[in-house]
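Residue strings, one per chain:
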Amino acid sequence: MAELPEHNSWLSVPAPAKLNLMLHITGRRDDGYHNLQTLFQFVDYGDELHFKLRNDGELTLTPAIEGVSFEDNLIIRAARLLQKKSEKKLGADIRLDKKLPMGGGLGGGSSDAATTLLALNTLWDLQLSLDELAAIGLSLGADVPVFVRGEAAFAEGVGEILTPVPELAEPWYLVVCPQVHVNTGKIFSHEGLTRDSDPINIRTALRQGGRNDCQAIVSMLYPEVGNTLNLLNKFSFAKMTGTGACIFSSFGSETEAISVSAQLPAEYKVFVAKGVNQSPAHKVLFGPS
Ligand SMILES: C[C@@](CO)(OP(=O)(O)O)[C@H](O)COP(=O)(O)OP(=O)(O)OC[C@H]1O[C@@H](n2ccc(N)nc2=O)[C@H](O)[C@@H]1O
Ligand SMILES: Nc1ncnc2c1ncn2[C@@H]1O[C@H](COP(=O)(O)OP(=O)(O)O)[C@@H](O)[C@H]1O
């Protein structure tokens, strides 16, 4: 368990990015949402959040995210849902060190929400189980439960039916983020989207690697994504994460990944990070698995 900060100092917890190593769309549900099969893995790079207890029931968040109001920020929405679980006047000062691009398919907002649920559950001593936190998280977004549970996983449904896959290799990734914001709704409502992939089992997904069914449409609607894929493919097999726009390739070593990143045009926003099957947030709060 996490050591509670002494003398009410700050509790610092990472909010890592995720990659969708494959993403197949297997059907459309009656509510318009799509059933997916996807492999989630974390990387040891992301946002960082810092929490300090307040006993007056107030929440503060600094700095604000441009274009996202205080009450719409997934961090505050997650904190508000937890406040409802207690009679006490629980509050917190929260600091956000935002490193992940928004709308890049790296799940930054979902990860911020999950880290908030995990950290405040500890700080406020709510003693909610991971099952309870994942259920609260699902009401905030389909990707929140996997971050709450903190294990690399094969996900089905809209992403909430999770089977851990601790056997995934943990390579180094070069992640390239084209400076475009992909509208997830626009991709899922596109008539040309492949939405009838045959369901596969985990073993096949792990063996074949799989593809991203959104990649072709996103590349067509946002040519910068297609161009980035073409460029990175010259060095190593490249794939898009989620509904984009970020692209990733895997490497056997950090040195190799850095060496390829150094050959990309300077205007490209990139980072190199290690794939990890345990979320760095869990590592900090619960110790290494
Ligand atoms: C597809 C994934 C894979 O990780 O993409 P990324 O967001 O990470 O890129 C996620 O599950 C995305 O989940 P999330 O980010 O919560 O999606 P939302 O913003 O709620 O979705 C925006 C819109 O996309 C459509 N949508 C989303 C998810 C889904 N399984 N089926 C859908 O049809 C819906 O029309 C929804 O209104
Ligand atoms: N703390 C947050 N961090 C990022 N985005 C947030 C946050 N709170 C709300 N949002 C909203 O969620 C949207 C999706 O953000 P993000 O999770 O980064 O994208 P993606 O799921 O494509 O990786 C943003 O465009 C923003 O409007």
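All values reported here derive from a predicted model rather than from experimental measurement.

### Let's talk about the side chain of glutamine 41
Item 1. Structurally, glutamine 41 is set in strand E2 (residues 34-54).
Item 2. A distance of 2.7 Å separates a polar atom in the side chain of glutamine 41 from a polar atom in the side chain of tyrosine 173.
Item 3. Within polar-contact distance, the side chain of glutamine 41 engages the side chain of asparagine 277 at 2.8 Å.

### Re the UniProt feature "domain: GHMP kinase N-terminal" (unreviewed entry) in the protein chain
Item 1. Look at the UniProt record and you will see "domain: GHMP kinase N-terminal" (unreviewed entry) annotated at residues 73-150.
Item 2. Counting secondary structure, residues 73-150 comes out at 53% helix and 9% strand; the distance between its end C-alpha atoms is 21 Å.

### What about the site of ligand 2?
Item 1. Around ligand 2 there are 19 residues in total, and Leu74, Lys98, Gly105, Gly107 and Gly109 lie nearest to it.
Item 2. Interatomic distance of 3.0 Å between a side-chain N/O atom of lysine 98 and a nitrogen atom of ligand 2.
Item 3. In the complex, the protein chains occlude 78% of the 550 Å² of accessible area that ligand 2 would expose alone.
Item 4. For the shell around ligand 2, the secondary structure elements donating two or more residues are helix H1 (74-83) and helix H2 (108-123).
Item 5. For the shell around ligand 2, a count of residues per class yields seven nonpolar, nine polar and three charged.

### Quick look at the site of ligand 1
Item 1. Close to ligand 1 lie 17 residues, the nearest being Lys18, His34, Asp143, Phe188 and Thr243.
Item 2. Within the side chain of histidine 34, one N or O atom sits 2.7 Å away from an oxygen atom of ligand 1.
Item 3. Measuring from an oxygen atom of ligand 1, one finds a backbone N or O atom of alanine 142 at 3.4 Å.
Item 4. Listing elements by their share of the shell around ligand 1, those giving two or more residues are strand E1 (11-28), E2 and helix H5 (184-188).
Item 5. Partitioned by chemical class, the residues of the shell around ligand 1 number seven nonpolar, eight polar and two charged.

### Considerations on the side chain of threonine 38
Item 1. If you trace the backbone, threonine 38 turns up in strand E2.
Item 2. Within polar-contact distance, the side chain of threonine 38 engages the backbone oxygen of methionine 22 at 2.8 Å.
Item 3. Look past the residues within four positions of threonine 38 in its chain and what remains in contact with it is Asn20, Met22, Leu23, Ala153, Phe154 and Ala155.

### A closer look at the packing of aromatic side chains
To describe a pair of aromatic rings, you give the distance between the ring centres and the angle between the ring planes.
Item 1. Taken as a whole and judged by the stated rule, the model has three aromatic pairs.
Item 2. On the numbers, 5.8 Å between centres and 45 degrees between planes, the contact of phenylalanine 42 with phenylalanine 147 is tilted. With phenylalanine 42 in strand E2 and phenylalanine 147 in helix H4 (residues 144-149), this residue pair connects regions lying 105 residues apart in the sequence.
Item 3. Look at phenylalanine 147 and you get buried, because its relative accessible area is 2%.
Item 4. Summarising the aromatic geometry, the rings of tyrosine 45 and phenylalanine 271 are spaced 4.1 Å apart at their centres and angled 20 degrees between planes, so their arrangement reads as stacked.

### Overview of the pairing of strand E4 (residues 91-97)
Item 1. When you tally the buried positions in E4, you get five out of seven residues, the bulk of the element.
Item 2. One ladder, built from seven bridges, connects E2 with E4; its direction is antiparallel. Across the sheet, the residue bridging to histidine 50 is arginine 95, located in E4.
Item 3. One crossover worth recording links strand E3 (residues 59-62) to the parallel E4 by way of H1, and it is left-handed.

### With respect to helix H8 (residues 223-233)
Item 1. Those residues of H8 not exposed but buried are Val225, Gly226, Thr228, Leu229 and Leu232. In a view along the axis of H8, the buried residues occupy a sector of 160 degrees, so they form one face of it.

### Things to note about helix H9 (residues 254-261)
Item 1. Among all positions in H9, only Ala257, Val260 and Ser261 are buried. Down the axis of H9, the buried set is contained in an arc of 100 degrees. They therefore lie on one face.
Item 2. Elements that come into contact with the buried residues of H9 comprise strand E7 (172-177), H8, strand E9 (247-251) and strand E10 (269-276).

### Here's the deal with the environment of asparagine 35
Item 1. Secondary-structure assignment places asparagine 35 in strand E2.
Item 2. Placed 124 residues apart in sequence, asparagine 35 and glycine 159 show a C-alpha to C-alpha distance of 7.9 Å.
Item 3. In this structure, asparagine 35 is in contact with His24, Ile25, Thr26, Gly27, Arg29, Gly157 and Val158, ignoring residues within four places of it in sequence.

### Points about the pattern of salt bridges
Item 1. Evaluation of the coordinates by the stated rule reveals nine salt bridges.
Item 2. Between lysine 98 and aspartate 112 there is a salt bridge whose closest N-O contact spans 3.0 Å. Of the two residues, lysine 98 sits in the loop between E4 and H2 while aspartate 112 sits in helix H2, which places them 14 residues apart along the sequence.
Item 3. The shortest N-O distance in the salt bridge between arginine 211 and aspartate 213 comes to 2.9 Å.
Item 4. For arginine 211, a relative accessible area of 42% gives the class partly exposed.
Item 5. One continuous salt-bridge network, built from bridges that share partners, spans Asp47, Lys98 and Asp112.

Rules behind the numbers
Residues numbered from 1 in each chain as written. Chains lettered and ligands numbered in written order. Predicted model: local features only at pLDDT ≥ 70, side-chain atom pairs only at ≥ 80, totals over all residues. Heavy atoms only, no water. Helix = DSSP H or I, 4+ residues; strand = E, 2+ residues; numbered from the N terminus. Polar contact = N/O pair within 3.5 Å; in protein donor to acceptor, adjacent residues only side chain to side chain. UniProt positions renumbered as here; feature names shortened; annotations may be inferred. Near = heavy atom within 4 Å. Areas by Shrake-Rupley, 256 points an atom, 1.4 Å probe, with all protein chains shown as cover. Nonpolar A, V, L, I, M, F, W, Y, C, P; charged D, E, K, R; others polar. Contact = heavy atoms within 4.5 Å. Phe/Tyr/Trp six-rings, centres within 6.5 Å; stacked < 30°, edge-to-face > 60°. Buried < 20%, exposed > 50% of the residue type's maximum accessible area, 1.4 Å probe, protein only. Pairing = 2+ DSSP bridges. Right-handed = clockwise from strand over helix to strand, strands pointing away. Arc of directions from axis to C-beta. Salt bridge = Lys/Arg side-chain N within 4 Å of Asp/Glu carboxyl O.

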